[in-house]
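Structure assessment
Chain residues, written in single-letter form:
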Amino acid sequence: MRKRSHRSWAAHAVVAAAVLTAAGCDAVGGGASGRGDTGARAGRASASPTPRWDTSPDSVAAVGDSITRGFDACAVLTDCPEVSWATGSDAAVDSLAVRLLGAAGAAQHSWNHAVTGSRMRDLKAQMDKAVVHRPELVAVMVGANDACRSSTAEMTSVADFRSQFQDAMNTLRQTLPKTEVYVSSVPNLKRLWSEGRTNPLGKQIWKLGICPSMLGDADALDGAATARRETVQARVVAYNKVLADVCAKDRRCRFDHDAVFDYRFGTDQLSHWDWFHPSRNGQARLAEIAYRTVTATSP
């Protein structure tokens, strides 16, 4: 059930008591939370403790890359943010923001600052834009482009990936210490190659430069091609460990525990233009995973 815009004090007290019993809480007054207060929170007593993780945040900002922009989900080589898993308005997707806020709430209190082609090094600048809205939740999906380079030698190093992600988190925390963060794992690029290579049209689109480190010479199964793909896959696994490690150090951050990486995307979940990016169906599956992670009673 989606969150109502006005919650009674009594209902809040019951929820807070349950959270205190199960996992402890931060004894922070509502006026000192550091988060963008809304009318739904105005009725809280200033001395009332707030739960460490709020499963129903009132606003959502998204940062990341082409997946969060809905790239190739509606038309070839084109962004389609209305189908974004994070903030889209498309009813077939039922985005994270819509699931949390309702359609009207999402239209007013969600923002998409993802940029197609972005890498982890670009996340800090996107965080700078996101904090302006003072969102209660920031949704992050980035890292595929760090592995999707012209060659394996061009992939972002694991050390740089770590420092860049930490810098982005520090940027957020300098302004919004209480904002929650949902971090998606990087998708399994090798599985996307395996599924997409069955479509001749998709392979023609891949030749335009989509993830050449993994998708280049799509039908080649020789030793060199296999080793190249395994190198990319290993780097994605390492990136996901970084995301998990950095997120684990922040008590208001939740990583999806590789749920996106482990999801078995099939052709129904892939764009029928490039057979690599998520389709509307795939975007909906990403929204489900995000919503499940954000609303879980425990990480």
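This text gives an overview of the structure that appears in the document. Treat the numbers as computed from the prediction; the structure is a model and nothing was measured. Numbering of residues starts from 1 in each chain and follows the order in which that chain's sequence is written. Residues qualify for local features only when their pLDDT is at least 70, as the model is predicted, and side-chain atom pairs are given and counted only at 80 or more; totals for whole chains, interfaces and linings, by contrast, use all residues. Values shown for side chains rest on all heavy atoms present in the structure; no hydrogens or waters enter the calculation.

It is worth spelling out unusual backbone geometry at this point. A positive phi angle is found at leucine 77, which is not glycine, with a value near 55°. Runs of E in the DSSP output that reach at least two residues are strands. Runs of H or I that reach at least four are helices, and both are numbered from the N terminus. When you line up the elements, leucine 77 lands in the loop between strand 3 (60-64) and helix 2 (96-109). Judged by relative accessible area, which is 43%, leucine 77 ranks as partly exposed. Even without a glycine there, the phi angle at histidine 257 is positive, about 55°. Mapped onto the elements, histidine 257 comes out in the loop between strand 7 (253-255) and helix 10 (259-262). What makes histidine 257 exposed here is its relative accessible area of 58%. Accessible area is worked out with a 1.4 Å probe on protein chains only. A residue is then buried under 20% of its type maximum, exposed over 50%, and partly exposed in between.

Moving on to the state of the cysteines. By definition, disulfides here are pairs of cysteine sulfur atoms that lie within 2.5 Å. Across all of its chains, the model carries three disulfides by this definition. Sulfur-sulfur distance for the disulfide between cysteine 74 and cysteine 80 comes to 1.9 Å. An S-S torsion of about -65° defines the bridge between cysteine 74 and cysteine 80 as left-handed. Its relative accessible area of 24% is what places cysteine 74 among the partly exposed residues. Covalent S-S linkage joins cysteine 247 and cysteine 253, the inter-sulfur distance amounting to 2.0 Å. An S-S torsion of about -110° defines the bridge between cysteine 247 and cysteine 253 as left-handed. Note on cysteine 253: relative accessible area 10%, which makes it buried.

Before going further, it helps to spend a moment on the environment of threonine 295. Mapping threonine 295 onto the fold places it in helix 11 (residues 280-295). Given the relative accessible area of 24%, threonine 295 is considered partly exposed. In the structure, threonine 295 is positioned 238 residues away from proline 57 in sequence and 9.4 Å away in space, judged by C-alpha atoms.

The values are spatial; any link to function lies outside them.
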